[in-house]
Amino acid sequence: HLLQHRSKGFAKSHSVVNGAATETSSKNGVAVQPQRFTFSPEPTIEEIRRMQAEFTDERDWNQFHQPRNLLLAMVGEVGEVSELFQWRGEVADGLPDWTEAEREQLAHELSDVFIYLVELAEKCRVDLPQAVLRKMALNRLKYPASKVHGSAKKYTEYKD
Ligand SMILES: Nc1ccn([C@H]2C[C@H](O)[C@@H](COP(=O)(O)OP(=O)(O)OP(=O)(O)O)O2)c(=O)n1
C-alpha cells in the first residue's frame, strides 16, 4: 500500500514492498533519495530459526549441520557477499549504481549468511536476540557517546 502526505511542495511516500517499509521523498514530482529505511517487523528471528529447523528436518540434513559446519558455511557465504563488492571501490549508502539484479543477488547472499548465523546460534544454544541486547549494553558502556563522539578509535586507544 502507499500513503502520502504533503508539506511545502514535498510529498513523502511510504510504501510497503514485501512487507518492508521505505520512505521516499519527491519535490514537484521528482523523486529524491529515500530518507529512511526500516526492516519489516516479521518474520522474527525465532520464526526464521524455526523455518530453517523445518527445512533441515524435512531433508534429514541435521546430520550435516553441526556448529563447525554451519560456521564454515556461513563464512563461505560472507565470501559470496564480498565478491559482490570487490573491485567496485567505495559504495555509497543505498548502492545507487547497482542494478536490481545485483541488489537481489546481495539480498540472497546476506540472507544465506543470516540463515546460517541463526542456525549456528541455535546449535550453540545462544539465544541470539537476547544476546544482542546484552552485547549492545556492553558496547554502550565501553564506548560512552560523550567520550567517543565522532571518533572511530578502538576503546583501548583512549587514555582515560
Ligand atoms: N546443506 C545445506 C545447503 C543449503 N542450505 C540452505 C541455507 C542457505 O540459505 C542456502 C545455501 O545454499 P547453497 O549452498 O546452494 O549456496 P548458494 O545458494 O549461495 O548457491 P551458490 O553457492 O551456487 O551461489 O541453502 C542449508 O541450510 N544446508
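Residues numbered from 1 in each chain as written. Predicted model: local features only at pLDDT ≥ 70, side-chain atom pairs only at ≥ 80, totals over all residues.

- Looking up the protein chain in an unreviewed UniProt entry gives the name dCTP pyrophosphatase 1, with the organism given as Amphiprion percula.
- The Catalytic activity (unreviewed entry) field of the UniProt record for the protein chain holds the comment "dCTP + H2O = dCMP + diphosphate + H(+)".
- The UniProt entry for the protein chain carries the following comment under Subunit (unreviewed entry): "Homotetramer." (UniProt positions renumbered as here; feature names shortened; annotations may be inferred.)

## Here we look at the packing of helix H1 (residues 45-58) against helix H3 (residues 100-123)
Working step 1: Packing of H1 against H3 brings their axes to within 9 Å, and their N-to-C directions diverge by 85°. Taken together, the axes of H1 and H3 lie roughly perpendicular to each other. Touching Ile-45, Ile-48, Arg-49 and Gln-52 of H1 are Ile-115, Val-118, Glu-119 and Glu-122, all from H3.
Working step 2: Partitioned by chemical class, the residues of the contact of H1 with H3 number four nonpolar, one polar and three charged. (Axes fitted to C-alpha atoms, helices over the stretch in contact; angles between N-to-C directions. Helix = DSSP H or I, 4+ residues; strand = E, 2+ residues; numbered from the N terminus. Parallel < 35°, antiparallel > 145°, perpendicular 65-115°, else oblique. Contact = placed C-beta atoms within 7 Å. Nonpolar A, V, L, I, M, F, W, Y, C, P; charged D, E, K, R; others polar.)

## What to know about H3
Working step 1: Compared with an ideal rise of 1.5 Å per residue, which puts 24 residues at 34 Å, H3 spans 35 Å between its outermost C-alpha atoms and is within 8% of the ideal.
Working step 2: Within the sequence span of H3, burial applies to Tyr-116, Val-118, Glu-119, Leu-120 and Glu-122.
Working step 3: Those residues of H3 that are buried lie in contact with H1, helix H2 (67-85) and helix H4 (128-142).
Working step 4: Of the residues one or two after H3, Arg-125 is the one with positive phi, at around 55°. (Expected span 1.5 Å × (residues − 1). Buried ≥ 20, exposed ≤ 12 C-beta atoms within 10 Å, placed from the backbone.)

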